[in-house]
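Breakdown of the fold
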Amino acid sequence: MKKLITKIAKDSMLLRKSIRRCAYLYRLFRYKLRGFGKKVDNKLIVFSSFTGEKYADSPRAIYEYMLGSDDYRDYKFVWCFTDPEKHSFLLENRNTTIVKQASKEFEIVFATAKYWVCNHRVSLHRYPRREQVFIQTWHGTPLKRLGFDIEKSNNENYTLAEQNKQYLTDAKKFSYLLSPSAFASEKFISAFALDRLGKRDIIVEEGYPRNDFLFNYTADDVSRIRRELGLPNGKKVILYAPTWRDNQHTANEGYTYKTEVDFDRLREALGDEYVILFRAHYFISNSFDFEKYDGFVYDVSKLDDINGLYIVSDMLITDYSSVFFDFAILKRPIIYYMYDFDLYKNEMRGFYIDLSELPGEIVKDESSLIDEIRAVDSFKYDERYKRFNEKYNYLDDGRASERVVKKIIKG
């Protein structure tokens, strides 16, 4: 019955809006009821990363900085996860508890925590009170257009007007929005219509806390992560991290992704020298079967933090994902495999930057991809790559977490 209703709602805009409106009002009432009469705790901070799927990104970096500082010994930390048992190791840390995503305890924590630290859009019905502080860390420098900057969309789940309304609702909730650069600040302001809301000054342009690790990691970290992944000695590592597509969505499964790569061909051409770490976007709900490629392709989609994958990888292959902005900090080769470039550029979101700025080559077919991988032996950190980092990563220096926390929480 649920599948049938979902399918009908997807085909009928009026029914879809009605169902969403009823669901929103019910959830809003329940949320307010659960927080009714409860005071905001000024020393309570709630963290959520990728809608509870990961212990990662800037929320993790901010939490670990505060955990290691005596200035915040009397603060209490709560992490929200879809699978709390997977992250039970955090309970060994001082003043740290865990709640299950979307549970009653989860909503009570959000209703009473002084600070919300999230890298994703929160549910529409969850509004911070006047005395609460919502720190939106976001999750990357935008390559793809966002929110009000999207001129044409093939999103299977929401119309463009519905998407814009959601972005505006999100922006009204933000107390602070973190930014890694002047470029990102400008795009966030337009995408979330911050000028319209009179909230341009909520931008905190101090670099991305999540990238601190890329400046502070050690050789021991690299060795440890290689052991944990079971990577063979003597093999170079390719990180393949494609993003999701707006038009690949099913009513009951969510966003899915088809790997448009012939791994048989890649193994034949490169298997003696390379292994591949495959990292799907956290939106993607389908699983991947790489058993056939055991010892050559490693599915690392379920691992929490991508930073560990960055530092053990000799090169990155991506498409339209923002991962390359962060990976560029390491000054290693990047290849852009954009097999559906024309469709993506013209019929989906479009891009913020001129692709001639990218610190790597764009390829659109598998033969060219293999050629580019083989050519990385001659890779040089050239002027184009240097200009890219000077424009997009100039604030990252390993101390962004400290600056953000001191400016927002201690300040």
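Remarks on the pattern of salt bridges
The full count for this structure, using the stated rule, is 28 salt bridges. Between Asp57 and Arg210 there is a salt bridge, with the nearest N and O atoms lying 2.5 Å from each other. Here Asp57 is found in helix α3 (residues 57-67), whereas its partner Arg210 is found in the loop between β7 (203-205) and α8 (213-216), with 153 residues between them in sequence. Each member of the pair, Asp57 as well as Arg210, is classed as buried. We note a salt bridge from Lys187 to Glu186, for which the minimum N-O separation is 3.0 Å. Classification of Lys187 as buried rests on a relative accessible area of 14%. One continuous salt-bridge network, built from bridges that share partners, spans Glu206, Asp397, Arg403 and Lys407.

Digging into the nonpolar core
Leu177, Phe188, Phe192, Leu277, Phe324 and Ile353 are the most contacted members of the largest nonpolar core, which has 70 residues in total. No other element matches the five residues that helix α6 (residues 182-191) contributes to this core. Contacts of Phe192, omitting those with residues within four sequence positions, involve Trp138, Phe148, Tyr167, Leu168, Asp170, Ala171, Phe174, Leu177 and Leu197. Of all hydrophobic cores here, the second largest spans 24 residues; its members include Ile45, Phe47, Leu67 and Tyr72.

Here's the deal with the environment of Tyr394
Relative to the assigned elements, Tyr394 resides in the loop between α15 (383-392) and α16 (400-410). Here Tyr394 falls in the partly exposed class, since its relative accessible area comes to 39%. Spatially, the C-alpha atoms of Tyr394 and Glu206 are 9.8 Å apart, while their sequence positions differ by 188 residues. Those residues in contact with Tyr394 that lie beyond four places of it in its chain are Ser181, Ala182, Glu205 and Asn389. At 3.0 Å, the side chain of Tyr394 forms a polar contact with the backbone nitrogen of Ala182.

Topic: the sheet that holds β7
Spatially, the seven strands line up as an open sheet ordered β3-β2-β1-β4-β5-β6-β7, and their pairing is parallel. Because the sheet does not close on itself, it has two edges, and the strands there are β3 (96-100) and β7. Within the sheet, the average angular offset between the axes of one strand and its neighbour, ignoring direction, is 25°. By the bridge criterion, four bridges tie strand β4 (residues 113-118) to strand β5 (residues 133-136) in an arrangement that is parallel. What sits directly across from Tyr115, in β5, is Val133. Contacting β1 (41-48), β2 (76-81), β3, β4 and β6 (176-179), α3 crosses the sheet at an angle of about 155° to β2.

Observations concerning helix α5 (residues 160-173)
The end-to-end C-alpha distance of α5 is 21 Å, a good match for the 20 Å that 14 residues give at a rise of 1.5 Å each. Counted residue by residue, α5 has 10 buried out of 14 residues, so it is predominantly covered. Within α5, burial applies to Glu162, Gln163, Asn164, Gln166, Tyr167, Leu168, Thr169, Asp170, Ala171 and Lys173. The secondary structure elements touched by the buried residues of α5 are α2 (13-35), β5, α6 and α7 (194-197).

Points about the pairing of strand β11 (residues 274-278)
With respect to burial, β11 is a largely interior element, five of its five residues being buried. Of the two faces of β11, the one lined by Tyr274, Ile276 and Phe278 and the one lined by Val275 and Leu277 are each fully buried. Of the strand pairs in this sheet, strand β8 (residues 236-241) and β11 are connected by five bridges, and their pairing is parallel. Within β11, the position partnered with Ile238 by the bridge is Ile276.

Some words on the packing of helix α10 (residues 263-270) against helix α14 (residues 366-374)
Between α10 and α14, the least distance of the axes is 11 Å, while the angle of their chain directions is 30°. Taken together, α10 and α14 sit at an angle that is classed as roughly parallel. Between α10 and α14 the crossing geometry is right-handed. Two secondary-structure elements touch here, α10 through Arg265, Leu266, Ala269 and Leu270 and α14 through Glu366, Ser367, Ile370, Ile373 and Arg374. Partitioning the contact of α10 with α14 into residue classes produces five nonpolar, one polar and three charged.

What counts, and at which threshold
- Residues numbered from 1 in each chain as written.
- Predicted model: local features only at pLDDT ≥ 70, side-chain atom pairs only at ≥ 80, totals over all residues.
- Heavy atoms only, no water.
- Salt bridge = Lys/Arg side-chain N within 4 Å of Asp/Glu carboxyl O.
- Helix = DSSP H or I, 4+ residues; strand = E, 2+ residues; numbered from the N terminus.
- Buried < 20%, exposed > 50% of the residue type's maximum accessible area, 1.4 Å probe, protein only.
- Core = buried A, V, L, I, M, F, W, Y, C linked by side-chain atoms within 4.5 Å.
- Contact = heavy atoms within 4.5 Å.
- Polar contact = N/O pair within 3.5 Å; in protein donor to acceptor, adjacent residues only side chain to side chain.
- Pairing = 2+ DSSP bridges.
- Axes fitted to C-alpha atoms, helices over the stretch in contact; angles between N-to-C directions.
- Expected span 1.5 Å × (residues − 1).
- Parallel < 35°, antiparallel > 145°, perpendicular 65-115°, else oblique.
- Left-handed = near helix turned anticlockwise from the far one by under 90°.
- Nonpolar A, V, L, I, M, F, W, Y, C, P; charged D, E, K, R; others polar.

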